[in-house]
Amino acid sequence: MTDTASPQRKGDLADAAATLPTQYAPAQVEEKLYERWVRAGYFEADAKSDRPPHTIVIPPPNVNGSLHIGHALDMTLQDAITRRKRMQGFEALWLPGMDHAGIATQNAVEKEIAKEGLSRHDLGREAFVERVWQWKGEYGGRILNQMRRLGASVDWTRERFTFDEGLSRAVQTIFKRLYDDDLIYRAERIINWCPRCMTALSDIEVDHHEDEGELVSIRYGDDAQSIVVATTRAETMLGDTAVAVHPDDERYKHLVGTEIEIPFTGRRVPIVADRHVDPEFGTGAVKVTPAHDPNDFEIGQRHGLPSLLIMDERGTITAHGPFQGLDRFEARPAVVAALREEGRVVAEKRPYLHAVGHCSRCDTVVEPRLSLQWWVKVGPLAAEASAAVRDGRVRIHPKELEPRYFAWTDNLLDWCISRQLWWGHRIPVWYGPNGEMVCVGPDEEPPGDGWIQDPDVLDTWFSSGLWPFSTLGWPDDTEDLRKFYPTSVLVTGYDILFFWVVRMMLFGLYAMKDRGPAQSVPFRTVSLHGLVRDKFGRKMSKSRGNGVDPLEWMDAYGSDAVRFTLARGANPGADLATSEEWAQGSRNFCNKIWNATRFALMNGAAPAAPPAREALNAADRWILSRLTAVTAEVDAYMEDYQHAKACEALYHFAWDEVFDWYVELAKGPLARGGAEADTTRAVLGHVLDVTLRLLHPYIPYVTEELWLALHAGGESDGESSGESGSASIVVAAWPTADGSRRDPEAEAEIAALQQAVTEVRRFRADQGLKVGQKVAATVTLAGRLAAHEAEIRSLARLTEPAEGFAPTATLQTAQATVQLDLSGVIDVAAERARLAKDLAAARKEIAGAEAKLGNEGFLGKAPEAVVEKIRTRLTEAQADVVRISSQLAALPES
RNA sequence: GGGCACAUAGCUCAGCGGUAGAGCGCUGCUCUUACAAAGCAGAGGUCGGCGGUUCGAGACCGUCUGUGCCCACCA
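Residues numbered from 1 in each chain as written. Chains lettered and ligands numbered in written order. Predicted model: local features only at pLDDT ≥ 70, side-chain atom pairs only at ≥ 80, totals over all residues. Heavy atoms only, no water.

1. As for the overall build of chain A
Rules: Only DSSP runs of H or I covering at least 4 residues are called helices, and only runs of E covering at least 2 are called strands; the numbering of each starts at the N terminus. With the radius of gyration taken over C-alpha atoms, the globule rule is written as 2.2 Å times the number of residues to the power 0.38. The contact definition used throughout considers only heavy atoms, calling two residues in contact when any of these lie within 4.5 Å. Using a 1.4 Å probe, accessible areas were evaluated by the Shrake-Rupley method; residue-level cover was limited to the displayed protein chains. In this tally Asp and Glu are treated as negative and Lys and Arg as positive; neither His nor the chain ends contributes. Positions of charges follow a simple convention, taking NZ of Lys, CZ of Arg, CG of Asp or CD of Glu.
The helix and strand tally for chain A stands at 31 helices and 29 strands. The C-alpha atoms of chain A give a radius of gyration of 37 Å, which is well past the 29 Å a tight globule of 894 residues would have. In terms of principal-axis extent, the alpha carbons of chain A reach across some 120 × 65 × 55 Å. In chain A, the proportion of contacts linking residues at least 24 apart, taken out of those at least 6 apart, comes to 77%. Here chain A displays about 38,100 Å² of accessible surface, and carbon together with sulfur accounts for 50% of that area. Of the side chains in chain A, 100 bear a positive and 130 a negative charge, and the two mean positions are spaced by 3 Å.

Structure (structure tokens):
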């Protein structure tokens, strides 16, 4: 924390720099800047503007959650995209909001009231929903508040909630439309039932994992006629209404068409032949329970079998008999035991690994159950959704993930949308006293006395599927909808590709179809990122304790550091590993930028249009050339959502080129003063100004703080500041590459200089010389390097040769020869070893190149540029051998 | 049971037809007129195995092994 500037120098410091401490302290700038940005209205999009729109709707976080590292990644990327577009002059809208998250939130509140010894049924529907709203008010805004911390440039005036009034109207509208188009229907089917949540679940809300089951073989029938079936769910036999065998199975052919008695029930059921049965599996005979198994249900349909429900909503056996009242998992062993008693267990239980469905919310084993539910007929909608990607109206990025998308759109089964919950959009259907049914639109009065509304609510993904247009005011034809739909890009993790992205495609294309094919898509591009993992690439989990709290990192290292860490790891569609050390590294980077800018300010640099070429020295021309190249590179990467690449390019340019070389090279001219120093100040100011603007989308806070300081002192130049002047980097112009500044000549020149300096430094390091230890040397330069002796001497810490100068070592690069007097210092043995190594490397090089050039196939087919490169390499290596050999010979005896 | 990825430096990952890269970590040196959250220099990979295509292959093809993920109603 010590300020190393000497007292005399301090007086020369620019005012702005004097106020900057030697370390960047995020806590002191973040809140202040965010408030200023919001107050200035920079994040508010104007639907009336004539700028081209750029729209992102946030994947709405669940109200019941708090910011986790995955959110932080998602939001950082969206913010970076939005900030760049805003700087480019787009009318950039990033719309924030939350999801009511039906089942998840209901569970959370149920858990809370359970602490008071209450269930939702104790409260009753209305009071319970009231309670959830209350809870939402209390905890709901947490993530949104955390977004502010992160620096998210969202338009707070447009914040939405999937359960707010407007969105509820959108839900009702689309339900009605789909209903009228026969794309929503009510039917009795086998659904996934969670006996704990007591609701139906859609297929994607069920997680299958391998569970250890027990397969037991049971004999049905009596001595006269019997058949053996195998099952893992013995209790379901109480609901069996048939036994099925394969039609070609010779073992059972004679039994088909006969009847057999189901134990305990006294029920006689038919033996049917069905192709679904696999004769190879188990005994080749299957018990058929149409009400509790999806396959069996289909067999039942094919053979006109009755369906018997034998469990209630809680999974308790309701079938009359000895097992009534038992839980399904108590009933299973009880049934097996009773069967054994009767001598019906033919083969004892054997362990059997099979996939069992679990509720994705509470992990309870899902019970397939025949039930009357509401469905979306997805076929026609999915065909559209598939076509939109196939014909390029919607681009999935990275493309490698397209097959996963098609795997869904091309195989989607009808979607069960009704849930037996209380927290959600109520199904807008009313039932009349005589079994009539009417679907009520948003502006219609519900029917009167004697009619009751369907008690169920809609799947939470039903409302979030409308998000890209419901948030913009649909079903009304609003200015926002006209201006900002279709949205530009959807940024989300690949893990909700089918939960959410597919739903938005289905609904968007349907609801907006009157706009025509190109304009109805919910987004032009889907940019998918991966999951954040720990430093070893492992999934983060509570039980493993390897999770990361982004807030903790923000506290410790600043928001920018967290953002940069995440963005830098974000390769399209790929998971990223992260750890605290990386956040530290990013923090260090921010600090480095801080200090480089601080140096510039201390030397009076200010953003200005860089002087004409003739006024510039080689270093200036080099860095401006590189700046142009990097600007183009970063711009292209960002346009293609390649954040990791963009960040890497910026990191290396800023640190390795600007800070480590240009700033060092600038010190000479700045110290010498005069016009030369003015030029350097202008170039340095310009380079930093552009670099800060390029970095701003990823690290908004530190760049703003420094950019303001940089503009506080000097003249603002129109090009760098953009039309909004120097009020904020948020609205400064996004840099464009100035092709006229490309300068291969200067790049080659500085590369040669770097090579020479590095060679000397390496030599010094090998000899164990201290930085402060002066070494006399002659420096002989050729070609482009001719004018750079002063820089080389300064950067390599070489002094002029004095009397009695006696060189003991020679260093040579392509355009520089440095002879050093190291009498008394040099470690001859080490030097000899080093040279021997270099010599061996050069000889290997020659051998490789000669082999290639002697290869006729190579000469015949390789492009001329490649051949030329190898020739050059050969020539250089040959020269190296000569040089090194002579150096070896010149070394004194040890 | 299907499908899709991935196997490159100690760790996490880029590179995807022309002499192996980054960050972190590691080693050595250094308070050098912005920064020790720094500077300088360095060590460390026969790019999972085996075949093939090619003048040339981490890179393309085949195959094997290993790992991960997604989907799936086999009782």
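So that's the structure; there's more coming.
2. Thoughts on the sheet that holds strand β26 (residues 775-781)
Quick reminder of the rule: We treat two strands as partners when DSSP finds at least two bridges between them. Axis lines are fitted through C-alpha atoms, for helices just across the contact stretch, and the angle between N-to-C directions can take any value from 0 to 180 degrees.
Sheet architecture is open: four strands sit in the order β27-β26-β29-β28, paired in mixed fashion. Every other strand in the sheet has two partners, leaving β27 (798-799) and β28 (809-813) as the edge strands with one partner each. As paired strands, β26 and β27 are joined by two bridges and run parallel to one another. Bridge assignment links A776 to a residue of β27, and that residue is T799. Sheet contacts for helix α27 (residues 744-766): β26, β27, β28 and β29 (816-820); angle to β28, the most-contacted strand, approximately 150°.

3. Quick look at helix α22 (residues 618-639)
Since the α-helix packs 3.6 residues into each turn, any two residues three or four apart lie on the same face. Convention followed: Take the residue count of a helix, subtract one, and multiply by 1.5 Å to get its expected span. Buried means the residue's accessible area, taken with a 1.4 Å probe over protein chains only, is under 20% of the maximum for its type, while exposed means over 50%, and partly exposed covers the values in between. Any pair of nitrogen or oxygen atoms within 3.5 Å is treated as a polar contact; in protein, a donor-acceptor pairing is required on top of that, and neighbouring residues in sequence qualify only through side-chain atoms on both sides.
A rise of 1.5 Å per residue sets the reference length of α22, with its 22 residues, at 32 Å; its end C-alpha atoms lie 32 Å apart and thus fit the reference within 8%. Most of α22 is tucked away, with 16 of its 22 residues classed as buried. Where α22 begins, the side chain of N617 points an oxygen toward the backbone nitrogen of A619, at a separation of 3.0 Å. Following α22 by one or two positions, Y641 has its phi on the positive side, about 55°.

4. A word on helix α7 (residues 125-139)
Operational definition: Directions pointing from the helix axis toward each C-beta atom define the arc.
For α7, with 15 residues, the first-to-last C-alpha span of 21 Å sits near the 21 Å given by 1.5 Å per residue. The complete set of buried residues in α7 reads F128, V129, R131, V132, W135 and K136. In a view along the axis of α7, the buried residues occupy a sector of 155°, so they form one face of it. Exposed side of α7, more than 90 degrees from the buried face: E126, G137 and E138 are the residues found there. Buried-residue contacts for α7 involve β3 (97-98), α5 (102-114), α6 (120-123) and β4 (160-161).

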